[in-house]
Amino acid sequence: MEIFGIPLQAFMGQLLLGLVNGAFYALLSLGLAVIFGLLGIVNFAHGALYMLGAFAAWILLDKFGLNYWYALVLAPLAVGVLGVLIERLFLRHLYKLDPLYGLLLTFGLALITEGIFRELFGASGQNYEVPELLSGATNLGFMVLPNYRAWVVLVSLVVCLGTWFLIERTRLGAYLRAGTENAALVQTFGVNVPVMVMCTYGAGAALAGLAGVLAAPIIQVNPLMGSNLIIVVFAVVVIGGMGSILGSVVTGLALGLVEGLTRVFYPEASNIVVFVIMVLVLMVKPNGLFGKEA
């Protein structure tokens, strides 16, 4: 069976690859949207935090013998703690300044982190094996579905939807949103706004770390893996609408599928299709598809 002259298995395989990429776009853009939407920080260090999550998983296995399932918990926690330190040491001094200062600071932190890891581990990648429980593939008849890639999509969807529900539908999320608008008023209700802000940045960093752990068995763990992805993720956030949680999730998944289809029909354009869509969206709706009007 063929679709537009392309064998069904090849077509579905590219769609799956696009969906997996979309899952990473969604998870990473979710962390960016949380940090920007609630703190107003354009976090260029997000790609470096993603890379740190992958390296944390590799180090836990290589140096301490702790497998993927331990890394899935410990690595995001470690990256989240690092995010808390970054917020306390640097970012908290910039909230009342122009957002450009936060962008430049996080960009500098990303460059420093990548430079340190290139010095320690070199530019070549480190292999990280797929956990035994998720190895192999399932034959669906019309395609062969790699188990680990299906796991990545499932985890990303659960985490993204859970984060959206937490921020948009719970009292804690209401406090978070209100704290960024009027911190003094929220503090009158007994809420420690600085701690809440600190934990928000830490949670956004942990989401990047989780994406890094999920990516480690699929791509080689290397110091440049974050910088290779972060520009595309920023484009996803802009298309969805800066600060829009739901927009980041939906747009990330959709653009991953579009990218996968582009590889089937016009492979030469697959690396630029996201940016072409970004330009078209900004021409029609400058605040993004899900962004609020200024």
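Coordinates for the structure precede this section.
All values reported here derive from a predicted model rather than from experimental measurement.

**Notes on the overall build of the protein chain**
Argument step 1. Scanning the protein chain from terminus to terminus reveals 11 helices and four strands.
Argument step 2. Its C-alpha atoms give the protein chain a radius of gyration of 19 Å, near enough to 19 Å, the size a compact globule of 294 residues would have.
Argument step 3. Overall, the protein chain is about 65 × 50 × 35 Å in size when its C-alpha atoms are taken along their principal axes.
Argument step 4. Among the 294 residues that make up the protein chain, the fraction classed as buried is 48%.
Argument step 5. At a minimum sequence separation of 6, the contacts of the protein chain that also span at least 24 residues come to 76%.
Argument step 6. Element-wise, carbon and sulfur atoms account for 68% of the exposed surface of the protein chain, whose accessible area totals about 14,300 Å².
Argument step 7. Charge separation in the protein chain, taken as the distance between the mean sites of 12 positive and 13 negative side-chain charges, equals 12 Å.

**Remarks on the packing of aromatic side chains**
Each aromatic ring pair is summarised here by two numbers: the centre-to-centre distance and the angle between the ring planes.
Argument step 1. According to the stated counting rule, one finds 10 aromatic pairs in the structure shown.
Argument step 2. On the basis of an interplanar angle of 80° and a centroid distance of 5.5 Å, the ring pair of F44 and F107 is categorised as edge-to-face. You can see F44 sitting in the loop between helix 1 (8–39) and helix 2 (46–64) and its partner F107 sitting in helix 4 (residues 99–121), a full 63 residues away along the chain.
Argument step 3. In this structure F44 comes out as buried when scored by relative accessible area, which is 19%.
Argument step 4. Plain terms: the ring middles of W58 and F121 are 5.6 Å apart, the flat faces sit at 90° to each other, and that makes the pair edge-to-face. Within this pair, whereas W58 is found in helix 2, its partner F121 is found in helix 4, the two being separated by 63 residues in sequence.
Argument step 5. Residue classification places W58 among the buried residues on the basis of a relative accessible area of 10%.
Argument step 6. Overall, F121 belongs to the partly exposed group, its relative accessible area being 22%.
Argument step 7. An aromatic cluster of three or more residues is present, and its members are F55, W58, F117 and F121.

**Describing a nonpolar patch on the surface**
Argument step 1. A cluster of nonpolar side chains, I272, V276, V279, L280, M283 and V284, forms an exposed patch at the surface whose accessible area comes to about 610 Å².
Argument step 2. Looking at the secondary structure, you find V284 in helix 11 (residues 273–284).
Argument step 3. With relative accessibility at 73%, the residue V284 sits in the exposed group.

**Things to note about the environment of F44**
Argument step 1. With 82 residues separating them along the chain, F44 and Q126 place their C-alpha atoms 24 Å apart.
Argument step 2. Sequence-distant contacts of F44, defined by excluding residues within four places in its chain, comprise L103, T106, F107, A110, I231 and F234.

**Points about the nonpolar core**
Argument step 1. Judged by nonpolar contacts, the single largest core of 89 residues is most densely connected at L27, Y50, Y68, Y128 and L214.
Argument step 2. With 18 residues, the top contributor of residues to this core is helix 1.

**What about empty space enclosed by the protein?**
Argument step 1. Counted under the stated rule, the structure contains one cavity of 30 Å³ or more.
Argument step 2. In this structure, the largest cavity spans a volume of roughly 30 Å³.
Argument step 3. In terms of lining, the largest cavity is formed by L32, A33, F36, I41, V42, N43, F234, V237 and M242.
Argument step 4. At the level of secondary structure, the elements contributing two or more residues to the lining of the largest cavity comprise helix 1 and helix 9 (227–240).
Argument step 5. Counting residues per element, the lining of the largest cavity draws most heavily on helix 1, which supplies three residues.

**Looking at the pattern of salt bridges**
Argument step 1. Under the defined criterion, the tally for this structure stands at three salt bridges.
Argument step 2. For D62, the salt bridge goes to K63, with nearest N and O atoms at 3.4 Å.
Argument step 3. Exposure remark for K63: the relative accessible area of 55% places this residue in the exposed category.
Argument step 4. Put simply, E87 and R88 hold a salt bridge, and the shortest N to O gap is 2.7 Å.
Argument step 5. In this structure E87 comes out as buried when scored by relative accessible area, which is 0%.

Cut-offs applied
Residues numbered from 1 in each chain as written. Predicted model: local features only at pLDDT ≥ 70, side-chain atom pairs only at ≥ 80, totals over all residues. Heavy atoms only, no water. Helix = DSSP H or I, 4+ residues; strand = E, 2+ residues; numbered from the N terminus. Rg over C-alpha atoms; globule rule 2.2 N^0.38 Å. Buried < 20%, exposed > 50% of the residue type's maximum accessible area, 1.4 Å probe, protein only. Contact = heavy atoms within 4.5 Å. Areas by Shrake-Rupley, 256 points an atom, 1.4 Å probe, with all protein chains shown as cover. Lys, Arg positive; Asp, Glu negative; His and termini not counted. Charge placed at Lys NZ, Arg CZ, Asp CG, Glu CD. Phe/Tyr/Trp six-rings, centres within 6.5 Å; stacked < 30°, edge-to-face > 60°. Patch = residues over 30% accessible without salt bridge, like charges linked within 9 Å, V, L, I, M, F, W, Y side chains within 5 Å. Salt bridge = Lys/Arg side-chain N within 4 Å of Asp/Glu carboxyl O. Core = buried A, V, L, I, M, F, W, Y, C linked by side-chain atoms within 4.5 Å. 1 Å grid on protein atoms, 1.4 Å probe; cavity = no way out; pocket = protein on both sides within 12 Å on 5 of 7 lines; lining within 4 Å. Points joined across faces, edges and corners; volume = space filled by probe spheres on them.

Such coordinate-based values are descriptive only and should not be taken to indicate function.
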